[in-house]
Structure formats: structure tokens, C-alpha cells
Amino acid sequence: MAIQDPPRQAETAKKRQAERESFFKDEALEILSQAREGWEDSVEKAFEKRPPWKSDFTTVSSMDVPHLVTADQVADLDPVQDIGVPGEFPYTRGIHPSGYRGRSWTMRQFAGFGTAADSNRRFKYLLEHGQTGLSVAFHLPTLYGYDSDHEMSKGEVGKCGVAIDTLADMEVLFADIPLGEVTTSMTINSTAPILLAMYLAVAERQGVDIRSQVSGTLQNDILKEYIAQKEYIFPPRPSMRLITDQFAFASEHVPRWNTISISGYHIREAGSTALQELAFTLRDGVEYVQYGIEAGLEVDEFAPRLSFFFNSHNDFFEEIAKFRAARKIWATVMRERFGAKSPRSWMCRFHTQTAGCSLTAQQPYNNVVRTTVQALAAVLGGTQSLHTNALDETLALPTEENARIALRTQQILAHESGVINTIDPLGGSYFVEEMTRRMVDGAFDYFRQIDELGGMVEAIEAGFPQREIMDAAFRFQRAFESGEKKMVGVNDFVLEDEEPVETLYISDDLADQQIAFLNRTKDERDAAAVERTLDALRRGASKEENTMPLILDCVREYCSVGEISDALRDVYGTYEEPAVF
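Computed from a predicted model, the values in this text were never measured in an experiment. (Residues numbered from 1 in each chain as written. Predicted model: local features only at pLDDT ≥ 70, side-chain atom pairs only at ≥ 80, totals over all residues. Heavy atoms only, no water.)

### With respect to the overall build of the protein
For clarity, the threshold we go by: Secondary structure is summarised from DSSP: a helix means a run of H or I of at least four residues, a strand means a run of E of at least two, and numbering begins at the N terminus for each. The atom set for the radius of gyration is the C-alpha atoms, and the globule formula is 2.2 Å times the number of residues raised to the power 0.38. Remark: exposure states derive from per-residue accessible area (1.4 Å probe, protein chains only) relative to the maximum for the residue type, with buried under 20%, exposed over 50%, and partly exposed in between. The contact rule is simple, with two residues in contact once any of their heavy atoms fall within 4.5 Å. Values of accessible area rely on a 1.4 Å probe in the Shrake-Rupley scheme; residue burial ignores everything except the protein chains shown. For the purpose of charge, His is not counted, nor are the chain termini; Lys and Arg are scored as positive and Asp and Glu as negative. Each charge is placed at NZ for Lys, CZ for Arg, CG for Asp and CD for Glu.
Helix and strand counts for the protein come out as 23 helices and 10 strands. The C-alpha atoms of the protein give a radius of gyration of 26 Å, which matches the 25 Å a tight globule of 581 residues would have. By the burial criterion, 54% of the 581 residues in the protein qualify as buried. Taking as baseline every contact in the protein between residues at least 6 positions apart, the subset at least 24 positions apart corresponds to 79%. Accessible surface computed for the protein: about 25,900 Å², of which carbon and sulfur atoms make up 51%. Charged side chains of the protein number 59 positive and 90 negative; the gap between the two group centres comes to 5 Å.

Structure representation (C-alpha cells):
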């Protein structure tokens with residue numbers, strides 16, 4: 001008998017051991033599969049005697065939920081390739097090796113109302129009570145590129161966000177708030193380059209080095225405006241040009257700034273399912289990367305500064321699976337589709353806000369419970385930043401007290417619940433991993449459909465994502481009206497006589513104050529410099545010149561949001577949405 005050499009002998013023994021393990025694993029899975037089938041038969045027989053206590057056991061998004069998930073159903077998941085460990089590709093379990101042990105999520109409460117002075121006081125109040133980052137809400141006129149004295153601004157000044165017309169307002173908004181020490185998120189899209197320029201100009205006036213000290217995030221996601229929120233100004237392609245201009249400018253001059261926060265939040269608020277939110281948001285991200293590359297940028301130069309913004313809704317496990325799937329999908333797409341080499345380009349970093357559309361005007365204190373469940377899902381899903389809605393936000397902008405309760409919700413989760421002590425505690429759960437896989441597979445299926453249409457811009461022009469969301473919203477509304485989907489306090493467990501809650505009131509004379517300040521600013525500025533910089537912007541926008549330095553020049557001369565927007569309207573025109581049937 002031939003005697004094997006020791007290395008060959010060890011290899012043979014290892015092979016036989018693997019075969020034995022595979023045999024016993026396959027046999028165990030077969031036994032488990034048979035046991036599950038027997039259990040399911042027992043459940044069905046039990047239901048024949050006593051039917052389930054409700055008819056609907058689907059998710060909020062009407063995704064079917066299995067009775068039970070066992071190891072045999074997820075046996076084909078590779079624990080290394082599909083799940084992995086935190087901080088390593090595909091980042092399913094998180095982008096940081098230490099999870100929240102190394103650093104807590106940023107508690108960034110969305111705030112802004114009235115004049116810049118009003119919002120400045122609210123910012124300072126929230127920072128004093130433990131908020132760790134700022135998040136600015138702008139009023140509708142600023143979002144649409146109008147000044148407070150424009151006819152389209154009547155009745156809207158300071159009502160749903162802070163009124164910002166010129167750099168003078170921005171200086172007041174951040175007075176005594178050191179922009180080199182605090183990070184700021186700004187929810188602004190069509191006029192994003194203008195507000196970014198204003199923020200940088202304020203930092204310059206504070207003596208802050210914008211290259212090494214300024215950090216924050218600009219939402220700047222115009223594609224989701226065409227899909228869901230509808231706060232667009234210019235047609236898609238010039239809008240995409242403005243965004244890639246910001247990519248290029250920031251990568252050179254403000255490298256710590258996140259130039260875009262690709263937002264699924266508003267897609268979900270428009271009525272999408274969790275899967276549609278995930279798929280359309282990430283496919284928007286793919287479109288931005290593609291346009292950046294086509295504009296001549298290296299993917300690893302700008303992709304690390306892309307971030308995302310997700311909604312956290314009521315269905316606890318569905319939301320956690322969505323967040324885990326987002327990281328895996330983005331890492332895979334960036335590495336395989338775009339050939340990104342830097343791990344920082346693979347990482348899906350995201351902010352989360354609890355679901356505004358889930359809040360109810362009826363029994364508003366129930367919203368504290370909803371927000372807590374949603375916030376916990378975001379944390380267990382591994383968010384880097386979180387906003388928790390206040391109980392009264394379905395009625396008005398939050399009062400100081402209710403904003404503080406919303407912030408305390410985050411602080412209790414971070415310091416009292418124990419959920420931060422271990423990383424991705426639900427990872428490896430058969431059910432969570434199965435839901436995560438469904439999210440991944442469903443999102444890639446949507447990717448294929450959008451790619452077949454030519455890309456996301458073409459899909460939007462064809463009305464594809466709009467129709468998908470419209471149909472999903474209709475299905476949910478029908479389930480709600482039939483009582484299949486319960487909403488506590490609205491279509492069940494209703495109170496006949498409710499005491500109203502105190503809400504924040506924005507005075508109607510605020511518009512007069514804001515317009516007076518705008519007129520004073522215009523009277524004091526250099527009129528010739530205003531015209532010169534606006535003309536330069538028109539010329540640059542009509543050519544291939546990067547628009548960001550030109551917008552920054554306009555801002556420094558106190559050109560208004562409306563004036564700068566009008567200069568760009570002169571070149572690009574405005575967008576009219578096609579009818580979607």
C-alpha cells in the first residue's frame with residue numbers, strides 16, 4: 001500500500017471531513033425541511049379549528065410574510081459573501097467594524113421656520129439639549145427658487161421652513177454657531193447650489209477654512225423631485241449638469257462635504273412600498289454616478305461623498321431588511337458595475353427620518369410610539385444619522401417641547417435600551433436574512449427594468465417610477481379603507497371627542513418682516529456687482545463652464561435666491577411634467 005506524504009495526507013483528511021460535514025448538513029437540512037412541512041400542516045389544521053385573529057399578515061408594503069423561516073430556507077446564503085462581518089464588503093452588517101461602540105449615530109433633528117432669527121434660536125435650543133448635528137428645513141419659496149416678495153410666495157413665507165432670500169439671511173441663521181465645529185444637513189434640491197454657496201460664504205466670513213473644516217450634507221437629489229416631491233425648476237438634463245458641477249467643485253474645494261443625499265424618504269412619503277423606495281433610490285444613485293463619470297470625473301474622486309436618506313416606516317423587520325439590503329446592493333453595484341477601487345466608494349452611508357406619512361392627527365400622542373418603533377428599526381438597521389419626528393408634525397411644525405421629546409427618544413435608545421451594545425444583533429436571523437434577500441432580489445429586478453428603458457432619466461420621462469408609486473399608493477389606500485390595514489385611532493380604536501394639542505403658530509405678519517429685510521439688503525448692496533455676476537452666471541451656464549464658482553460670486557454680492565434662479569431659468573427654461581396614466 002502506498003504511503004501518502006504528510007501534506008497530501010492532511011489534504012485528503014480535510015477533504016473527507018468536508019464531505020462528511022456536507023453530508024450531515026444536507027441530511028440535517030432535509031430533516032429540518034420535513035419537520036417544517038409537518039409543522040405547517042399542524043398550523044393549517046389548527047387554523048381550521050380556530051381561524052387566525054386577523055386576515056392580513058403582510059408587511060406595511062403588502063409583502064407576504066412566511067409563517068416561519070428555518071435554516072433550510074436560507075441554506076444557499078453564503079455567510080461570507082452574502083452576510084459577512086461589519087466593516088467589510090458587502091457591508092450587509094454595517095459599514096463600520098465597531099458599529100455604535102466606536103461612535104453613536106448623529107442625532108440630527110430637522111428644524112427651520114419663520115425668519116432666520118427664529119430658526120437660529122431653535123438651532124441653539126436643540127444643540128443645548130444634546131443634538132449633535134444641524135438639519136435645515138427651508139420654506140417653499142426658497143425650494144422653488146422664489147424670493148419672499150414674489151407673487152408665488154404669498155401665504156408661504158416661513159410657514160414650512162425658514163425663509164432664506166440672500167446671504168444676509170444665511171448669516172443670521174448661523175450667527176454664533178461655529179461652522180467649523182458643527183456638521184449641517186440642508187434639505188434643498190433645485191436651488192441646492194445656491195444654498196451651498198451661501199453656506200460656504202458664511203463659513204468664509206466666520207474665518208473657517210472650507211477645505212479642511214467645513215463638513216455636512218446637501219440633499220441635492222433632483223431625480224426624486226421628478227419622481228415624488230415635485231419641487232423641480234429646470235428640466236432633468238440641465239439639473240443633472242448642475243449636480244455634476246457641484247461634484248467637481250466640492251471634490252476640489254470642499255472635500256469633506258457630502259454633495260448629495262440621495263433620498264428615498266420622499267419616494268416613500270409619496271406612497272411607495274419599502275422595496276420601491278430602496279430600488280428607486282439606489283437606481284437614482286447609479287444615475288448620478290453615471291452622469292459624474294460621463295462629465296469626466298473619476299468615480300473614486302466623488303463617489304465617497306455620496307450619501308443616502310431613507311424613510312423608516314412602521315413595519316419593524318421590513319425596514320431593517322431594507323437598510324441591510326441597501327448596503328449590500330450599493331457595495332456590489334459600485335464595485336462590479338462601475339469598477340470603483342476604493343472601499344469608501346462601496347459604502348452606503350445614510351441618514352434616516354421616521355415616517356411623516358405614518359403620523360396621525362387623531363390621537364397624536366400615539367405618534368410617540370410609532371416614532372419609537374421606527375427609530376429602533378433605523379438603529380438596528382445601522383443608520384449613521386437619525387431624525388425622529390415630533391408627535392405634532394402632522395398638524396404643524398413642532399413646538400419646542402415636542403421637538404425635545406423627539407430628541408429624547410433617540411437619547412433613550414442610545415443610552416438606556418442597550419441596542420447599541422452589539423453590532424447588527426439581528427444578523428443571522430433566518431427571517432431577517434430571508435427578508436434582506438427578498439429586498440436585494442427585488443431591487444435588482446427594478447434595476448433591470450430601468451436599464452431596459454435607458455436609465456433613470458429616461459424612465460422618469462416615460463413615467464415608469466411615478467406609475468409604480470401611484471399604483472402602490474392606491475393599493476394601500478384601498479386596503480386601509482376596507483379595514484384590511486389598521487391604523488390605530490383612525491380606522492379602528494377611534495375616540496369620538498378628542499382634546500386638541502397645542503401647536504406652533506407662525507404669524508401672518510412674518511412675511512412683512514422678511515420682505516422688509518430683503519428690501520433693506522437690496523438697497524445696501526452694490527447693484528453693479530449684482531448685474532455683473534448674474535450676467536457672468538448666464539454666460540457660464542450656457543457654456544461648459546462649472547457654475548459653482550459663478551454662483552458663489554453672485555452670493556457674495558448678495559444676489560437673491562430668486563435672482564440667481566431666474567438667471568438659470570433664462571438659460572435652461574423650466575420643466576413641465578408629462579401626464580402619467
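### Quick notes on the layout of surface pockets
Regions of empty space are outlined by a rolling probe, equal in size to a water molecule, passed over the atoms. Rules: Cavities and pockets were defined on a 1 Å grid built over protein atoms only: a cavity is a set of grid points that admits a 1.4 Å probe from which the probe cannot escape, a pocket is an open set flanked by protein on both sides within 12 Å along at least five of seven lines, and lining residues are those with an atom within 4 Å of any such point. Grid points are joined across faces, edges and corners, and a volume is the space filled by probe spheres set on the points. Charged means Asp, Glu, Lys or Arg here, nonpolar means Ala, Val, Leu, Ile, Met, Phe, Trp, Tyr, Cys or Pro, and polar covers whatever is left, Gly included.
Volume-wise, the second largest pocket comes out at about 1,500 Å³. Lining the second largest pocket are 48 residues, and of these Asp56, Thr59, Val60, Lys485 and Lys486 lie nearest its centre. Mapped by element, the contributors of at least two residues to the lining of the second largest pocket are helix H1 (6-49), helix H10 (265-269), helix H15 (366-380) and helix H19 (464-482). Among the elements that make up the lining of the second largest pocket, the one with the highest residue count is H19 (six residues). Classifying every residue of the lining of the second largest pocket by side-chain character gives 21 nonpolar, 15 polar and 12 charged.

### Describing the nonpolar core
Stated formally: Definition used in this section: a nonpolar core is a set of buried Ala, Val, Leu, Ile, Met, Phe, Trp, Tyr and Cys residues joined via side-chain atoms within 4.5 Å.
Membership of the largest hydrophobic core comes to 77 residues, with the highest contact counts inside it found for Leu282, Tyr288, Ile329, Trp330 and Met334. A per-element tally of this core places helix H13 (residues 316-337) first, with 11 residues. Setting aside residues no more than four positions away along its own chain, tyrosine 288 makes contact with Asn220, Asp221, Ile222, Leu223, Met240, Ile243, Phe247, Ile260, Ile262 and Phe302. Counting residues in hydrophobic clusters, the runner-up holds 59 residues, among them Ile188, Ile551, Cys554 and Tyr572.

### Points about the pairing of strand E9 (residues 350-354)
Just so we agree on the cut-off: Two strands form a pair only when DSSP identifies at least two bridges running between them.
With five of five residues buried, E9 is to be regarded as a mostly interior element. Here E9 shows two buried faces, one formed by Phe350, Thr352 and Thr354 and the other by His351 and Gln353. In this structure, strand E8 (residues 306-312) lies alongside E9, joined through five bridges in parallel fashion. When the bridges of E9 are listed, phenylalanine 309 appears paired with histidine 351. Two strands pair when backbone bridges link them, and E9 and strand E10 (residues 385-387) are joined in this way by three bridges, in the parallel orientation. Bridge pairing in E10 places histidine 351 opposite serine 385.

### Some details on the domain arrangement of the protein
So the rule is basically this: Residue ranges assigned to each domain were obtained from an automatic or database domain assignment. Any Lys or Arg side-chain nitrogen found within 4 Å of a carboxyl oxygen on Asp or Glu counts as a salt bridge. By the criterion applied in these results, polar contacts are pairs of N or O atoms within 3.5 Å in which, for protein atoms, one can donate a hydrogen and the other can accept it, and in which residues neighboring in sequence qualify only through two side-chain atoms.
Assigned domains of the protein: these are domain 1 (79-482) and domain 2 (511-572). Counting residues at the interface gives 39 residues for domain 1, matched by 33 residues for domain 2. If you look at where domain 1 meets domain 2, you find one salt bridge. Of the charged contacts, one joins arginine 556 and glutamate 204 as a salt bridge, the two residues approaching to 2.9 Å between their closest N and O atoms. Put simply, domain 1 and domain 2 have 16 residue pairs in polar contact (both at pLDDT 80 or more) between them. Elements represented by at least two residues in the side of domain 1 that touches domain 2 include exactly helix H5 (140-144), helix H6 (167-173), helix H7 (192-205) and helix H9 (236-253). When residues of the side of domain 1 that touches domain 2 are assigned to their parent elements, the largest contribution, 10 residues, is made by H7. Residues that form the side of domain 1 that touches domain 2 fall into these classes: 23 nonpolar, seven polar and nine charged.

### Here's the deal with the sheet that holds strand E4 (residues 184-187)
Across the sheet, five strands lie side by side as E2-E3-E4-E5-E6; this open sheet has parallel pairing. If you trace the sheet from one side to the other, it starts and ends with strand E2 (110-111) and strand E6 (257-258), each paired once.

### Re a negative patch on the surface
Inclusion rule: Two joining distances apply to patches: 9 Å for like charges and 5 Å for nonpolar side chains (Val, Leu, Ile, Met, Phe, Trp, Tyr), and every residue must have over 30% relative accessible area and no salt bridge.
A cluster of acidic residues, Glu30, Glu37, Asp41, Glu44 and Glu48, forms a negative patch at the surface. By the element assignment, glutamate 48 lies in helix H1. Glutamate 48 sits in the exposed class, given a relative accessible area of 67%.

### Observations concerning the sheet that holds E8
Within the open sheet, the five strands sit side by side as E1-E10-E9-E8-E7. Their pairing is parallel. Each of the sheet's edge strands pairs with one partner strand only, and the pair in question is strand E1 (106-107) and strand E7 (260-263).

### What to know about the packing of aromatic side chains
Keep this limit in mind: Each Phe, Tyr or Trp ring, with Trp reduced to its six-membered ring, pairs with another whose centre is within 6.5 Å; inter-plane angles below 30 degrees give stacked pairs, above 60 give edge-to-face pairs, and intermediate values give tilted ones. For a lysine, the NZ atom is tested; for an arginine, the CZ atom; a charge sits over a ring if that atom is within 6 Å of the ring centre and within 35 degrees of the ring normal.
A full pass over the atoms with the stated rule returns 23 aromatic pairs. Judged by centre distance (5.8 Å) and plane angle (75°), the ring pair of phenylalanine 234 and tyrosine 572 falls under edge-to-face. With a gap of 338 residues between them, phenylalanine 234 in the loop between helix H8 (222-229) and H9 and tyrosine 572 in helix H23 (residues 561-572) connect regions that are remote in the sequence. Looking at phenylalanine 234, the relative accessible area reads 2%, which means it is buried. Between phenylalanine 323 and phenylalanine 350, the aromatic rings sit 5.3 Å apart at their centres with planes inclined by 15°, giving stacked as the arrangement. One end of the pair, phenylalanine 323, is in helix H13; the other, phenylalanine 350, is in strand E9, and 27 residues separate them in sequence. Accessibility classification places phenylalanine 323 together with phenylalanine 350 in one group, the buried group. Put simply, the rings of Phe308, Phe310, Phe323, Trp330 and Phe350 touch in pairs and so form one group of aromatic residues. Over the face of the ring belonging to phenylalanine 57 we find lysine 54, whose NZ or CZ atom lies 5.3 Å from the ring centre. Taking the ring centre of phenylalanine 89 as reference, the NZ or CZ of arginine 335 above it sits at 3.6 Å.

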